[in-house]
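Now for the letters of each chain:
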Amino acid sequence: MSADDGRPTQVDRSPSPRADVCVVGAGVAGGLVAHSLATTGLDVVVLEAGPRFEFDSRIERMERALRPDKDHQSVWDMGGERDEFTSSGPWYYGLNGTRVKGVGGTTLHWSGYTPRFHEKDFEMRSRYGLASDWPLEYSDLQSYYADAETELGVAGAADDPFAPPREQELPLPPFPTGPADSLYVEACSDLGITLHSAPQARNSEAYDGRSPCVGYGTCIPVCPSGAKYSGDVHVRKAEEAGARVVDRAPVQSLEHDDAGETVEAAVYNTPDATGLRQEARYFVLAGGAVEIPRLLLSSTSETYPDGLANSSGLVGNYFMEHPMVSIRGTIPKPDGQEPTFWWPLESNQFYDHEDATPGSIKLEFKQESPTEPTDALSGFDSPAGDLADPLAGDDLSVEDDPEWDTWQLWINALVEQLPRERNRVALDESKTDDHGNPVPDVSLHVGEREVETLRHAVDIGTRILESAGATDIEVTDPENPNSSSHHMGTTRMGEDPTESVVNPQLRTHDLDNLFVSSSSVFVTGGAMNPTLTIAALSLRLADHIAGLE
Amino acid sequence: MRLTRRQTLLGLVGASSAGGLSVYELLDRTTIDGPLSEAGMDGLLTVADIVHPASPEDVEPVISAYVGRLNDERVRGLVTTLSELDSRSRRHFGASFGALSRAQGERLLATLGVNRVQSRPEGTLAERVRYHLVNSVLYALLTYPTGTELFGIGNPAGFPGGFPSHTEEP
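Bear in mind the structure is a predicted one, so any value in this text is a computation, not a measurement. Just so you know, the residues in each chain are numbered from 1, in the order the chain's sequence is written. Starting at A for chains and at 1 for ligands, labels are handed out in the order in which the entities are written. Residues qualify for local features only when their pLDDT is at least 70, as the model is predicted, and side-chain atom pairs are given and counted only at 80 or more; totals for whole chains, interfaces and linings, by contrast, use all residues. The side-chain figures draw on all heavy atoms in the structure; neither hydrogens nor water molecules are used.

**Description of the overall build of chain B**
Phase 1: Working definition: helices are DSSP H or I runs of at least four residues, strands are E runs of at least two. Numbering for both runs from the N terminus. Each helix and strand counted, chain B has 8 helices and 0 strands in total.
Phase 2: Counting every position in chain B, which comprises 170 residues, the buried fraction comes to 52%.
Phase 3: Summarising the internal contacts of chain B: among those between residues at least 6 apart in sequence, 51% fall at separations of at least 24. Residue burial is assigned from relative accessible area. The probe radius is 1.4 Å, only protein chains are included, and a residue is buried under 20% of its type maximum, exposed over 50%, and partly exposed in between. Any pair of residues with heavy atoms lying within 4.5 Å of one another is described as a contacting pair.

Following this line, the structure appears as structure tokens:
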């Protein structure tokens, strides 16, 4: 019986004897912490709310992703009562499209981009008088960034002139460019814009026992070959090093001691039992910037009526995303161009800035066919209309259809969103999940600075596409931007317990043995994809906990 | 005793036939790798002939490999639907669906309303034919170069075409 079919299994999910470390969440953060600590000989138990996904099921999951007659959230079995949520802010947030619950976590459907944050991202107050500085500097994380690149297997070249200092080459060579990429290079060169390789945790050659990318072209939302890194890689390594991983074990609350100084147990349910208690000496929360504050806010007691680790009242506040605009234009299909997904080029020329506004912009250079062959499955409701008639037979021929002679250039611009207290994850007491717990309520506003930065990005992207000879240029609305599925903030890091939730060692100010390993600790979010910074912080935290022994 | 895949599938679907080829006859008798019998493959090739212009000899290995990758639940949906469709075929044309000409097959699917319904894995016969047969065959072909060359695409999404498809020069 598979472990992800929704039915009870015969797996033993009873608590282990008091462990050294209990990690809550088996994504990239939890996997790295668990692996590092298990390797040092500590007794580690990982509790994961979602299931284990059998690797062999990925081909079937890819079909769910490509077939228009499938619900895309079904790719990783998201949705339903388990994953109920509320989006109460003016910027609607479709939470379940931005995350995966299960062993491997959200990296199972990520794009794989792994840039480092820049120095300025840690110094927004000092440099621009905005938001707050991190209690860390780039140099504090630099060696951990290198370690994270090695652990995840990052491909790319050291050709980014805007990047912060680095100490070594990336472990894998960059991905090849194609005909449409060449158009970008020429167009940007004419405009004085520098392109460079995009670091990505996708194997450009065999690495760490995983195959090179074979080009299924479905990285988002599933990599059937395993060439794209996902958190289950380190969860598996953690188990090999002796950690115990319990899936389908959502933690309901954390219990503290009488003095309110330490956490004693994580209380979790399973398909077969409720109220199980996993005791440990240290607890690491690694369930992401939505579920971590939700768990803390749900863990109320007489001592902590507003939730655990929440003496500042800031748990859940300062939620951040990377608002995004897309600029698209049409070109004749370049000779030899094929669909791909490992878009190898980006530009960080507009990332570091002199003035406070506009803020950081990360430009990603993509391209695609305007129509996918599998659109034909949609039938007559599809824009592909005539092509799609399932009884078309010979009429499926498209030799004379001009649509198939064109290609789309497509620039995504991710921008920085400043932390604001009103952007938050709270509990919606009016709605409950499958265990009767209040669901997360995500409330997001897009600020004027973000909109101004997005407009600036639209201007840049439009100039590039015009220079590339693209026609029919369209842009998404900067005032109603897309999200990047990057959850950040909600348990921010800081020295001052009245202004932050965790200290620079990622330990909660309020409880001596409770740590957080997640982008939830980010003080500011920059405009860089967050996963490599999550990984670097996780490796640093593991070192810290190991050093407590 | 270890069950063969065919025995497992038969256990899942039962052996009812409703007048057409039974699921027993649609499942392969000789190998546990390829789940369909020749009669089962013939049915899918009739579908392919209706929905895609590629030649049968090019199509068969693509469909066969695709069906071989399906999990048991998907194979169950496929053979039960094909069995019911076969029974309709015998009623309308006095022949197995896999033996119909393209024109006959197209007429039968149109009569059932397959081109007028949404694709659903569990639903009316027309909805299930569209999901398990029409769209599954189309998916197999449109994620393989054999089925996408007519679009000018040699490495469609869903096909592991590798780096050679994405180079500087054509």
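**Topic: the overall build of chain A**
Phase 1: The helix and strand inventory of chain A stands at 10 helices and 16 strands.
Phase 2: At 23 Å, chain A has a C-alpha radius of gyration in line with the 24 Å of a compact globule built from 549 residues.
Phase 3: Considering only C-alpha atoms, chain A reaches an extent of 75 × 55 × 45 Å along its principal axes.
Phase 4: Across the 549 residues in chain A, those meeting the buried criterion constitute 62%.
Phase 5: Relative to all contacts within chain A whose residues are 6 or more apart in sequence, the contacts with residues 24 or more apart total 73%.
Phase 6: Here the accessible surface of atoms and residues is derived via Shrake-Rupley with a 1.4 Å probe, and residues count as covered only by protein chains that are part of the display. With an accessible surface of roughly 19300 Å², chain A has 45% of that area assigned to carbon and sulfur atoms.
Phase 7: On chain A, the mean spot of the 41 positive side-chain charges and the mean spot of the 92 negative ones are 4 Å from each other. We compute the radius of gyration over the C-alpha atoms and compare it with the globule rule, which gives 2.2 Å times the number of residues raised to the power 0.38. Positive: Lys, Arg. Negative: Asp, Glu. His and the chain ends are not part of the count. To locate a charge, take NZ of a lysine, CZ of an arginine, CG of an aspartate or CD of a glutamate.

**A few points about the interface of chain B and chain A**
Interface size is commonly expressed as the accessible area that is lost once the parts come together.
Phase 1: Taken residue by residue, the interface counts 47 residues in chain B and 50 residues in chain A.
Phase 2: Taking both partners together, chain B and chain A bury about 4100 Å²; carbon and sulfur atoms supply 59% of that area.
Phase 3: Criterion for a salt bridge: a side-chain nitrogen of Lys or Arg within 4 Å of a carboxyl oxygen of Asp or Glu. Run the count over chain B and chain A and you get 2 salt bridges.
Phase 4: Arg74(B) serves as the salt-bridge partner of Glu63(A), at 2.9 Å between the closest nitrogen and oxygen. Reported buried area values correspond to the accessible surface (1.4 Å probe) lost by two parts on association, with both partners' losses combined.

**Topic: the nonpolar core**
Phase 1: Within the largest apolar cluster, 88 residues are counted, with the highest numbers of intra-cluster contacts made by Val44(A), Leu254(A) and Leu514(A).
Phase 2: Top element by residues in this core is helix H10 (residues 531-547) of chain A. It accounts for 9 residues.
Phase 3: Met62(A), Leu108(A), Ala376(A) and Leu70(B) belong to the second largest nonpolar core, which has 58 residues in total. Think of a nonpolar core as a cluster: buried Ala, Val, Leu, Ile, Met, Phe, Trp, Tyr and Cys residues, connected wherever their side-chain atoms sit within 4.5 Å.

**Points about the packing of aromatic side chains**
Phase 1: When two rings of Phe, Tyr or Trp (its six-membered ring) have centres within 6.5 Å they constitute a pair, described as stacked for plane angles under 30 degrees, edge-to-face for angles over 60, and tilted for the intermediate range. Under the definition given, this model contains 14 aromatic pairs over all chains.
Phase 2: Taking 5.2 Å as the distance between ring centres and 75° as the angle between the ring planes, the aromatic pair formed by Trp343(A) and Trp410(A) counts as edge-to-face. Taken together, the residues Trp343(A) in the loop between strand S9 (324-332) and strand S10 (345-347) and Trp410(A) in strand S12 (residues 406-415) connect sequence positions 67 residues apart. The pair Trp343(A) / Trp410(A) is uniform in exposure class, with both members buried.
Phase 3: Each ring is checked for a lysine NZ or an arginine CZ that lies within 6 Å of its centre and within 35 degrees of its normal; such an atom marks a charge sitting over the ring. Taking NZ or CZ as reference, Arg67(A) lies 4.4 Å from the ring centre of Tyr131(B), over its face.

**Some details on helix H9 (residues 448-467) of chain A**
Residue and element names in this part refer to chain A.
Phase 1: Under the convention used throughout, the expected extent of a helix is 1.5 Å for every residue step, that is, one less than its residue count. For H9, spanning 20 residues, the distance from its first C-alpha to its last is 29 Å, which sits close to the expected 28 Å at 1.5 Å a residue.
Phase 2: Buried within H9 are the following residues: Arg449, Glu450, Val451, Thr453, Leu454, Ala457, Val458, Ile460, Gly461, Thr462, Ile464 and Leu465.
Phase 3: Contact partners of the buried residues in H9: helix H3 (124-128), helix H5 (179-191), S9, strand S11 (361-368), S12 and strand S15 (471-475).

**Section: helix H6 (residues 102-112) of chain B**
Residue and element names in this part refer to chain B.
Phase 1: Residues of H6 that are buried include every one of Gly105, Leu108, Leu109 and Leu112, and no others. Taken around the axis of H6, the buried residues stretch over an arc of 95°, which confines them to a single face.
Phase 2: Tucked inside the fold, the buried residues of H6 contact helix H3 (38-51), helix H5 (72-93) and helix H7 (125-142).
Phase 3: Within two residues after H6, Gly113 carries a phi angle of roughly 85°, on the positive side. Directions are taken from the helix axis to each C-beta atom, and the arc is the one they span.

**Observations concerning the domain arrangement of chain A**
Residue and element names in this part refer to chain A.
Phase 1: Bear in mind that the domain bounds are from an automatic or database domain assignment. Looking at chain A, the domain boundaries give domain 1 (15-82 + 101-155 + 220-315 + 487-549) and domain 2 (157-198 + 323-386 + 399-415 + 447-480).
Phase 2: Each of domain 1 and domain 2 has a C-alpha centre, and the two are 30 Å apart.
Phase 3: Contact with domain 1, which involves 27 residues of that partner, is made by 34 residues of domain 2.
Phase 4: When domain 1 packs against domain 2, the two sides together hide about 2600 Å² of surface, and 58% of this comes from carbon and sulfur.
Phase 5: Connecting domain 1 to domain 2 are 2 salt bridges.
Phase 6: With a closest N to O distance of 2.9 Å, Arg116 and Glu167 form a salt bridge.
Phase 7: Every element with two or more residues in the side of domain 1 that touches domain 2 is listed here: H3 and helix H4 (138-152).
Phase 8: Following the grouping adopted for this structure description, the nonpolar residues are Ala, Val, Leu, Ile, Met, Phe, Trp, Tyr, Cys and Pro, the charged ones are Asp, Glu, Lys and Arg, and the polar ones are all others, Gly among them. The residue inventory of the side of domain 1 that touches domain 2, partitioned by class, reads 15 nonpolar, 6 polar and 6 charged.

**Comments concerning a negative patch on the surface**
All names here are of chain A.
Phase 1: Like charges are joined within 9 Å and nonpolar side chains (Val, Leu, Ile, Met, Phe, Trp, Tyr) within 5 Å, but only among residues with over 30% relative accessible area and no salt bridge; these make up the patches. Residues Glu421, Glu495, Asp496 and Glu499 make up a contiguous surface patch of negative charge.
Phase 2: Relative to the helices and strands, Glu495 resides in the loop between S15 and strand S16 (514-516).
Phase 3: Residue class for Glu495 comes out exposed when judged on its relative accessible area of 61%.

**Thoughts on the pattern of salt bridges**
All names here are of chain A.
Phase 1: Counted by the stated rule, this structure contains 39 salt bridges over all chains.
Phase 2: Arg281 serves as the salt-bridge partner of Glu549, at 2.8 Å between the closest nitrogen and oxygen. Taken together, the residues span a long stretch of sequence, with Glu549 in the segment after H10 and Arg281 in strand S8 (residues 276-285) at a distance of 268 residues.
Phase 3: Of the charged contacts in the structure, one is a salt bridge between Arg420 and Glu450, with a shortest N-O distance of 2.7 Å. Taken together, the residues Arg420 in the loop between S12 and strand S13 (424-432) and Glu450 in helix H9 connect sequence positions 30 residues apart.

**As for unusual backbone geometry**
Residues and elements named next belong to chain A.
Phase 1: The amide bond that connects Ile220 to the next residue, Pro221, takes the cis arrangement and shows omega of 15°.
Phase 2: Along the chain, Pro221 turns up in the loop between strand S4 (196-197) and helix H6 (232-240).
Phase 3: Here Thr357 and Pro358 are connected by a cis peptide whose omega angle stands at 0°.
Phase 4: On the secondary structure map, Pro358 appears in the loop between S10 and S11.
Phase 5: One non-glycine residue, Asp472, lies in positive phi territory at about 50°.
Phase 6: Considering the arrangement of structural elements, one finds Asp472 in strand S15.
Phase 7: With a phi angle near 60°, Ser485 is a residue other than glycine that sits in the positive phi range.
Phase 8: Following the sequence through the fold, Ser485 ends up in the loop between S15 and S16.
Phase 9: On the accessibility criterion, Ser485 (29% relative accessible area) is partly exposed.

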